[in-house]
Amino acid sequence: MVTPVNSEPVHDFGAWTEPSERLLFERLTDLPPGHHTSERIRQDLATRHQGLVSSLARRFLHRGEPLEDLLQAGNVGLVKAINGYDITRGHPFTAYAIPMIVGEIKRHFRDTGWAIHVPRRLQNLKMLVHDAGARLTQQLGRPPASQEVARELGLSDQETREGLAANEVYSCLSLDTMISEDNERHDQTVVAQLDKDLELVVDRATLWPLLSELPDQEREVLLMRFFGNHTQSEIAKAFGVSQVQVSRLEARACDRLRRWLRPT
């Protein structure tokens, strides 16, 4: 099943999406096992809920896993929810599906979000140690020592050290890894970027001394407008003049600077 990665509208997760959706589940319930229409209805229901899967998967972005993988894991939960949903209980499908979709996404992190292969026992131990460490940090106002974590959980020092070690190898990322796999945002702190202002250095160095050659009022207008980020109406109020006058002063000053900067 193909999973789209485009943004979807926000869903009301506690209600039926539309009346026809309920009719599909009623029809699916009435069909005998193995009926040829059942698979078509399941595919239709899965397609209708891609927006739900996308909305839930995007909550887990920027944690080191590609969006496509999160969508695939979410769709596993969606299929399980469609197969296990009982409409006779009276609850909307989304109320049943959301925990299953989120559970599969979290399972994906537990099973694949490790820099090296770690046994399930250590994965579970890592989560216990991590949660206890966060809880004790709030209580103590500082990171807890391993002995304090061990006492909190009733574990041995060896088990606690194993949990801490497993925590350190979880989700190690390459410095070149994009934070967002849908190209919305990259990690700008580690990837070299071209400075867009570099080409303006010469112009700025040339322009700055020329500002002192402008009449006082024109210079003040430019400084407030382009360096102070004030609007023309704010400048007019500060000078006690009309906005039209400020606009004329700004235009006149810019014309002067253009003439001075224009090559002869």
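Before reading further, recall that the structure is shown in the block above.
Here the residue numbers are simple positions, counted from 1 along each chain's written sequence. In keeping with the model being predicted, local features are shown solely for residues with a pLDDT of at least 70 and side-chain atom pairs are shown and tallied solely at 80 or more, while totals for entire chains, interfaces and linings include all residues. For the side-chain quantities, the full set of heavy atoms in the structure was used; hydrogens and water were omitted.

A. Representation of the pattern of salt bridges in the model. Salt bridge, as applied in this entry: a Lys or Arg side-chain nitrogen positioned within 4 Å of an Asp or Glu carboxyl oxygen. Summed over the entire model, instances satisfying the criterion amount to 10 salt bridges. The partner of Arg48 in a salt bridge is Asp44, with the nearest N and O atoms 3.1 Å apart. A residue pair is termed a helical-turn pair when its members lie 3 or 4 positions apart in one helix, as Arg48 and Asp44 do in helix 2 (residues 36–48) at 4 residues. Linking Glu104 and Lys80 is a salt bridge whose minimum nitrogen-to-oxygen distance equals 2.8 Å. Here Lys80 lies in helix 4 (residues 67–84) and Glu104 lies in helix 5 (residues 93–112), a separation of 24 residues in the sequence. Here's how the labels work: a residue is buried when its accessible area is under 20% of the maximum for its type, exposed when over 50%, partly exposed in between, all with a 1.4 Å probe on protein chains only. Residue classification places Lys80 among the partly exposed positions, given a relative accessible area of 41%. Through salt bridges with shared partners, a single network forms among Lys80, Glu104 and Arg107. By the criteria applied, helices consist of DSSP H or I runs no shorter than four residues and strands consist of E runs no shorter than two, each listed in order from the N terminus.

B. Region of interest: the packing of aromatic side chains. Any pair of Phe, Tyr and Trp rings, taking the six-membered ring for Trp, is counted once the centres come within 6.5 Å. Such a pair is stacked with planes under 30 degrees apart, edge-to-face with planes over 60 apart, and tilted for the rest. Inspection of every chain in the model, using the stated rule, returns 4 aromatic pairs. Ring centres of Phe25 and Tyr85 lie 4.8 Å apart, and the angle between their planes is 70 degrees; this geometry places the pair in the edge-to-face category. Remark: Tyr85 occurs in the loop between helix 4 and helix 5 and Phe25 occurs in helix 1 (residues 19–30); sequence separation between them is 60 residues. The exposure classification of Phe25 matches that of Tyr85, with both residues buried. A centroid spacing of 4.7 Å and a plane angle of 35 degrees characterise the contact between Phe25 and Phe93, whose relative ring orientation is tilted.

C. Representation of the environment of Ala81 in the model. With respect to the helices and strands, the residue Ala81 is situated in helix 4. Sequence separation of Ala81 and Met100 is 19 residues, and the distance between their C-alpha atoms is 6.4 Å. We call two residues in contact whenever any of their non-hydrogen atoms come within 4.5 Å of each other. Look past the residues within four positions of Ala81 in its chain and what remains in contact with it is Phe93, Tyr96, Ala97 and Met100.

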